[in-house]
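# A closer look at the structure
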Amino acid sequence: MAASLIGQSIEVLCNEQGIDRDLVIEAMKEAVKAAARKQFKAYDKDADSIQVEWNNEESMIEISVQKTVVETVEKPAVELSLEEAQEMAGDEIEVGDMLLIPLPQEDMGRIAAQTAKQILVQKVREAIREKVYDEYVDRIGTLINGVVKRFERGDLIMDLGNNLEAVIERKELSRGESWNQGERIRAVIIEVSKEPRGQQIRASRASAELLKKLFEMEVPEIYDETVVIKSAVREPGDRAKIAVTSNEKDVDPVGACVGMKGSRVQNIIKELRGEKIDIIEWSDEPSVFAANALSPAKVSQVRITDINERKMDVIVGEDQLSLAIGKKGQNVRLAARLVGWDIKIVSEDVLKKAVALEMGRMMASGEAVPVTALEGVNASQAEMLAEKGITDVETLASTSVDDLVDHLDISLDEAEAILGSAQQIVEARNREVEGPVEDVPAEGDTEVSAEDAAEAEAEAETEPVEAVEPKAEAAADQDVPAEDTAEDENAA
């Protein structure tokens, strides 16, 4: 009966844990052998005298001691006389043969049996961990589904079924997420360990890989590689940006990801508990990619300042400044990570003042600044002004708005803009003549880099963040829905 129960227990263990039967039997043999060595110390002085085998027919463990046949017995624990050997195994036994003498299992005490049990449990646990490692090590970066089982010191334990668990550490959970026991949960595997302690499978809800895998599930064009995800970045719980491109000209990558009336991206937003997502069209041209990445802001111009150090200035209008920077610098910070360049946001007003200052210095040194240096004045308009005797900026600045409208046949607003630029240069010249002017942006002007934005985010943990542009903060606080962003990209 006992032998039958052992066989049944092995079968149950193999079926429940998915372990190879031979592996369990080997583990059992090793465990019983270790326990038997302690029990039958007299027979184990040479360490290899105790032998343990598995009897498949009777489904039981057999313990025996190996003895050498000798003429004169000097070590009874490992030697057997020829006469005794022939009585046990027949007359064909000769000196030097080896015999296995069965040992009574009943002689194994409670302590030996407990030792065998502990070793067996340890061996089976090691076998299970090895099996889990082999099964999941190639699945790093893939999605897993499970149920919230419990919480341990802030970490979330997922039940994956089949007595298997995964841990999502507190740092790998999105900010603001709240989970209850029994809820269904998705995560992406980030590490599989062989260590004997702790959870083997580590998963994440904060990884950018989770965002990619969710898009692969929701967007068939990504699954069949018609649309390709080039990069993705997240500030978990707040906002994410994902760059996509299409392998076919007829397929709009952004529209494919958004779906009909935003259905596809909304499913992903729901899975990420309301995290806003900007879907960006990727470009191999860094300046175009950077302009797209700063969505929903509209970029006026991109200037690459250092191609080796991967630095660029992005120029935006005053009305787009708060959107480009984002709340606490979030938008420019995410865009810089997405593009892989250091991005500095520069206000158009700052740039215009810098240009005006430089031209003012030219005028102060006696050089004449041609009207073509002004933004908004093209070559044909410069010729028309020259016919009226206006060839440089200083002469243009003294012209009236009405005359300028007549000379160039332009609108009043355009004339005021050109005249304002010319007068700004003359004013800069006058200040330069009165005294040197430092190249410092005027109060209220803004230059923000991705590094500045990151520092601002770090400081936000301990103290309030002051807006760089007070009048633009309200606009930055208004979150733009992901589908609106995507529609803007489509329109572009």
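Residues numbered from 1 in each chain as written. Predicted model: local features only at pLDDT ≥ 70, side-chain atom pairs only at ≥ 80, totals over all residues. Heavy atoms only, no water.

## Some points on the overall build of the chain
In terms of helices and strands, the chain carries 19 helices and 16 strands. Burial status across the chain gives 41% buried among its 492 residues. Of the contacts made within the chain by residues no fewer than 6 positions apart, 61% connect residues no fewer than 24 positions apart. Total accessible area on the chain is roughly 27200 Å²; 46% of this is exposed by carbon and sulfur atoms. (Helix = DSSP H or I, 4+ residues; strand = E, 2+ residues; numbered from the N terminus. Buried < 20%, exposed > 50% of the residue type's maximum accessible area, 1.4 Å probe, protein only. Contact = heavy atoms within 4.5 Å. Areas by Shrake-Rupley, 256 points an atom, 1.4 Å probe, with all protein chains shown as cover.)

## Points about the pattern of salt bridges
The tally for this structure, following the rule as stated, stands at 19 salt bridges. Across the pair Glu165 and Arg150 runs a salt bridge, and its minimum N-O distance is 2.9 Å. You can see Glu165 sitting in strand S7 (residues 164-168) and its partner Arg150 sitting in strand S5 (residues 143-152), a full 15 residues away along the chain. Owing to a relative accessible area of 15%, Glu165 belongs among the buried residues under this scheme. Its salt-bridge partner being Lys241, residue Asp278 comes within 3.0 Å of it at the nearest N-O pair. Of this pair, Asp278 sits in strand S12 (residues 276-281) while Lys241 sits in strand S11 (residues 239-246); the two residues are 37 residues apart in sequence, bridging distant segments of the chain. The same class applies to Asp278 and to Lys241, which are both buried. By sharing partners, the salt bridges in this structure join Lys149, Arg150, Glu152 and Glu165 into a single network. (Salt bridge = Lys/Arg side-chain N within 4 Å of Asp/Glu carboxyl O.)

## Regarding the pairing of strand S8 (residues 184-192)
Pairing of S5 with S8, which is carried by five bridges, proceeds in the antiparallel orientation. The residue of S8 that forms the bridge with Ile144 is Ala187. (Pairing = 2+ DSSP bridges.)

## Some remarks on the packing of aromatic side chains
On inspection of all chains with the given rule, the structure shows one aromatic pair. Between Trp282 and Phe289 the ring centres are 6.5 Å apart and the planes differ by 65 degrees, which places this aromatic pair in the edge-to-face class. By relative accessible area, which is 5% here, Phe289 ends up buried. Lying across the ring of Trp179, Arg273 places its NZ or CZ 3.9 Å from the centre. (Phe/Tyr/Trp six-rings, centres within 6.5 Å; stacked < 30°, edge-to-face > 60°. Lys NZ or Arg CZ within 6 Å of the ring centre and 35° of its normal.)

## A look at the environment of Met384
Following the sequence through the fold, Met384 ends up in helix H13 (residues 379-387). Spatially, the C-alpha atom of Met384 lies 6.9 Å from that of His407, the residues being 23 residues apart in sequence. Among all residues touching Met384, those that are not within four sequence positions of it are His407 and Leu408.

## A few points about a negative patch on the surface
Among the surface-exposed residues, Glu71, Glu83, Glu84 and Glu87 lie close enough to one another that they form a single negatively charged patch. Using a relative accessible area of 70% as the deciding quantity, one classes Glu87 as exposed. (Patch = residues over 30% accessible without salt bridge, like charges linked within 9 Å, V, L, I, M, F, W, Y side chains within 5 Å. Lys, Arg positive; Asp, Glu negative; His and termini not counted. Charge placed at Lys NZ, Arg CZ, Asp CG, Glu CD.)

## Section: the confidence of the model for the chain
Chain-level pLDDT for the chain is 79 on average; 77% of the residues reach the 70-or-more range. No element of the chain has a lower mean pLDDT than helix H18 (residues 473-477), which averages 36, and none a higher one than S11, which averages 96. In this model residues 439-445 is a low-confidence stretch, pLDDT under 50, and it forms seven contacts with partners more than four residues away in sequence or in other chains. (pLDDT = per-residue confidence, 0-100.)

## So, the pairing of strand S2 (residues 60-70)
Bridging between strand S1 (residues 50-55) and S2 involves six bridges; their strand directions are antiparallel. Note that in S2 the partner of Asn55 across the bridge is Met60. With five bridges joining them, S2 and strand S4 (residues 98-102) adopt antiparallel strand pairing. Bridge pairing links Thr68 to Met98 in S4. Here three bridges tie S2 to strand S3 (residues 79-81), and the two strands are oriented parallel to one another. Bridge pairing links Thr68 to Glu79 in S3.

## Thoughts on H13
Those residues of H13 that sit buried are Gln381, Ala382 and Leu385. Projected down its long axis, H13 carries its buried residues within an arc of 105 degrees, all on one side. Projecting away from the buried face of H13 at angles above 90 degrees are the exposed residues Ala379, Glu383 and Glu387. For H13, the elements touching its buried residues are helix H14 (393-397) and helix H15 (401-408). Directly after H13, the chain includes Gly389, whose backbone phi takes a positive value near 85 degrees. (Arc of directions from axis to C-beta.)

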